[in-house]
Each structure stands twice: as structure tokens, then as C-alpha cells.
Amino acid sequence: MTHSSNDPPANSRAIVSNQQGIHEHLDAVVRRHLNTQFRRPFAEHSLRTFEQAVERVAEHPGALILDSFCGVGESTRFIANQFPDALVIGIDKSRHRLDKHDLRYPSEVSKNYVLLQADVEDFWRLAVTAGWSLSRHYLLYPNPWPKSAHLKRRVHGSPLFPSLLALGGDLEVRSNWANYIQEFSVALSIAGYTPSVEALEEAEPITPFERKYRESNHPLWCCKAKLP
């Protein structure tokens with residue numbers, strides 16, 4: 001299997017963590033976040049970026065899909081091809097990563113996906129405030145923050161978790177750290193949902209990191225849930 005020159009090299013080391021199993025404080029952390037509101041002020045650049053997103057959403061009458069932590073946007077493009085009637089918004093905080101998309105697909109003009117530089121800390125909350133209701137939401141290989149002390153930096157252990165739930169849609173989370181997926185599943189269960197966990201054995205890689213992990217012989221895992 002080959003990879004593009006823009007892909008990470010296939011020499012990824014397995015995730016090492018000082019945490020064994022589900023974090024002992026997961027239940028308490030998730031419940032506290034479910035019962036409090038994250039009130040951090042929005043950054044000015046986030047407000048400007050979200051205005052762009054609102055304009056694009058207003059122009060598209062179909063379903064809305066979010067690809068968070070989209071990196072170079074390969075997954076966003078793939079998802080848009082899978083759901084041609086939907087608008088797919090890929091967001092990533094790195095301008096450098098997003099710029100690689102134009103280098104990889106310089107002549108492509110898409111009518112149903114857009115890539116935006118944004119922090120999910122603001123974007124998700126703004127989307128909830130705006131009343132967005134997603135058809136699907138993808139979190140493909142977010143930073144796992146494997147140290148035990150970093151539980152609250154993981155999506156399911158952060159104060160953003162309620163915003164993720166409020167956006168709704170068919171949620172799909174992928175990781176090469178089984179513990180992350182198991183923990184995400186438990187967090188969803190605490191919130192009252194019925195998630196499923198499965199190994200990604202035959203699925204086509206749709207991000208450079210997923211391709212790299214496969215070439216490095218990492219087991220890959222997926223958590224899915226319907227968030228009405």
C-alpha cells in the first residue's frame with residue numbers, strides 16, 4: 001500500500017499510556033459537564049469563521065454533516081462524495097494542514113463541502129446556539145491525550161461534550177487507541193445514549209493518519225451512536 005507524499009510516514013508507534021482501562025474519574029467528570037454550562041467567551045476569529053459557515057449553510061437546503069478535526073480534508077472530501085446531497089463542513093484549527101488540501105486537489109471545485117479553520121471549542125457551541133441539527137458528525141482520530149492526567153482534554157472528558165451531544169446526528173468516532181473508544185462509549189452511555197463499538201478491519205482508509213496507522217499495523221476502532 002502506498003501513500004501520498006503529503007501523508008505522515010508509516011512508522012507510527014503504538015500509543016503508550018499510564019492509564020489502564022477506563023479512567024476512574026470518567027463518570028464524575030462527564031456528569032459534572034452534563035450539568036454545567038461552558039461559558040468561555042468566543043474568540044473574535046471564531047465568530048468571523050462561523051459567519052462564513054452560516055452563509056454557506058443558508059445556501060444549501062439539504063442535510064448538514066460536520067467533519068471535526070478534519071486535518072488536510074481528505075475525509076471531508078470522501079464524506080462529501082458519499083453524501084452528494086448534503087453539505088459537509090470540515091473544520092481544523094491548523095491552517096497549514098488545510099492548505100495541503102488545495103495542493104492535493106488543485107483543480108477540484110466542490111459544491112457540497114467546505115473547509116474552515118476553526119477551534120471546535122467555539123465552533124460547536126456557536127452551532128448549538130444557532131440551532132444547527134446535524135445529519136452526521138465525524139470525529140476521525142482526534143488527539144487521544146493518553147496521559148491519565150489529561151482526561152479533561154479528551155472530547156468526552158471535556159466541557160464541550162454536551163455541545164457535541166446537542167448537535168445530534170449519527171456520530172462516528174475513530175481512534176487507534178482502544179481505550180479512547182471504550183471510554184467514549186461509556187461517556188455516551190452515561191449521557192443516556194446507546195453506542196456501539198467495533199473494530200475497523202476492512203473499512204477503506206479515509207484520512208492520512210488512518211492510512212498510516214494501517215501501514216503501521218495498528219488495530220483501529222470505531223464508536224458509533226445516534227444522537228437524536
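All values derive from a computational prediction rather than experimental measurement.

Calculation criteria
Residues numbered from 1 in each chain as written. Predicted model: local features only at pLDDT ≥ 70, side-chain atom pairs only at ≥ 80, totals over all residues. Heavy atoms only, no water. Helix = DSSP H or I, 4+ residues; strand = E, 2+ residues; numbered from the N terminus. Rg over C-alpha atoms; globule rule 2.2 N^0.38 Å. Buried < 20%, exposed > 50% of the residue type's maximum accessible area, 1.4 Å probe, protein only. Contact = heavy atoms within 4.5 Å. Areas by Shrake-Rupley, 256 points an atom, 1.4 Å probe, with all protein chains shown as cover. Lys, Arg positive; Asp, Glu negative; His and termini not counted. Charge placed at Lys NZ, Arg CZ, Asp CG, Glu CD. Salt bridge = Lys/Arg side-chain N within 4 Å of Asp/Glu carboxyl O. Axes fitted to C-alpha atoms, helices over the stretch in contact; angles between N-to-C directions. Parallel < 35°, antiparallel > 145°, perpendicular 65-115°, else oblique. Left-handed = near helix turned anticlockwise from the far one by under 90°. Patch = residues over 30% accessible without salt bridge, like charges linked within 9 Å, V, L, I, M, F, W, Y side chains within 5 Å. Phe/Tyr/Trp six-rings, centres within 6.5 Å; stacked < 30°, edge-to-face > 60°. 1 Å grid on protein atoms, 1.4 Å probe; cavity = no way out; pocket = protein on both sides within 12 Å on 5 of 7 lines; lining within 4 Å. Points joined across faces, edges and corners; volume = space filled by probe spheres on them. Nonpolar A, V, L, I, M, F, W, Y, C, P; charged D, E, K, R; others polar. Core = buried A, V, L, I, M, F, W, Y, C linked by side-chain atoms within 4.5 Å.

Participant: Provide a residue-level description of the overall build of the protein chain, including the pertinent values.
Facilitator: Check the secondary structure of the protein chain and you find eight helices and seven strands. Taking 228 residues into account, the globule formula puts the C-alpha radius of gyration at 17 Å, and the protein chain, at 17 Å, falls close to it. Once the C-alpha set of the protein chain is aligned to its principal axes, its extents read approximately 50 × 45 × 30 Å. Going through the 228 residues of the protein chain one by one, you find that 49% of them count as buried. When contacts within the protein chain are restricted to residue pairs at least 6 apart in sequence, long-range pairs at least 24 apart make up 79% of them. Total accessible area computed for the protein chain in this model is approximately 11,700 Å², and 49% of it derives from carbon and sulfur atoms. In the protein chain, the 26 positive side-chain charges and the 26 negative ones have mean positions that sit 5 Å from each other.

Participant: Let's hear about helix α3 (residues 74-82): which residues, and what values?
Facilitator: Buried residues of α3: E74, S75, T76, I79 and A80, and no others. In this structure, the buried residues of α3 make contact with β1 (64-68), β2 (87-92), α4 (95-104), β3 (113-117), β4 (136-140) and α8 (208-215).

Participant: Can you explain the pattern of salt bridges? Please cite residues and give values.
Facilitator: Scanning the model with the defined rule gives 12 salt bridges in all. Put simply, R40 and D122 hold a salt bridge, and the shortest N to O gap is 3.8 Å. Taken as a pair, R40 in the loop between α1 (26-34) and α2 (44-59) and D122 in helix α5 (residues 120-129) lie far apart in primary sequence, 82 residues in all. Residue classification places R40 among the partly exposed residues on the basis of a relative accessible area of 40%. The class for D122 is buried, based on a relative accessible area of 2%. Connected through shared salt-bridge partners, R40, D122 and R125 make up one network.

Participant: Which residues make up the packing of α2 against α5, and what values go with them?
Facilitator: The contact between α2 and α5 brings their axes to 10 Å, and the two run at 50 degrees. When the axes of α2 and α5 are compared, the pair comes out oblique. α5 is crossed by α2, and the crossing has right-handed handedness. In this structure, α2 uses S46, L47, F50 and A53 to contact α5, whose residues at the interface are D122, F123, L126 and A127.

Participant: Would you mind going over a negative patch on the surface in detail, with residue names and values included?
Facilitator: Among the surface-exposed residues, E44, E51, E55 and E59 lie close enough to one another that they form a single negatively charged patch. By the element assignment, E44 lies in helix α2.

Participant: Before we move on, could you go through the packing of aromatic side chains and cite the residues and values that matter?
Facilitator: Enumeration according to the criterion identifies eight aromatic pairs in this entry. When the ring of Y180 is compared with that of F184, the centres are 6.2 Å apart and the planes differ by 45 degrees; the resulting orientation is tilted. Of this pair, Y180 and F184 both sit in helix α7 (residues 178-190), four residues apart, which is roughly one turn of that helix. The residues Y180 and F184 share a single accessibility class, namely buried. Here F209 and Y213 contribute two aromatic rings whose centre-to-centre distance is 6.0 Å and whose plane-to-plane angle is 35 degrees, an arrangement assigned as tilted. Here F209 and its partner Y213 are both found in helix α8, four residues apart, which amounts to about one turn of the helix. Given a relative accessible area of 12%, Y213 falls into the buried group.

Participant: Account for the layout of surface pockets, naming residues and giving values.
Facilitator: One number sums up the size of the largest pocket: a volume of about 1,000 Å³. Taken together, the elements giving at least two residues each to the lining of the largest pocket come down to β2, α4, α5 and α8. With three residues, α8 is the single largest residue contributor to the lining of the largest pocket. Taken together, the residues of the lining of the largest pocket break down into 22 nonpolar, seven polar and nine charged.

Participant: Kindly report on the nonpolar core, identifying the contributing residues and their values.
Facilitator: Counting 40 residues, the largest nonpolar core has I89, F123, W124, W132, F184 and L188 as its most contacted members. The element best represented in this core is α7, accounting for six residues. Residues contacting W124, with those up to four places away along its chain left out, are L66, S68, F69, I91, H137, L139, V155, L160, S163, L164 and L167. With 17 residues, the next largest nonpolar core counts I79, Y113, Y138 and Y141 among its residues.

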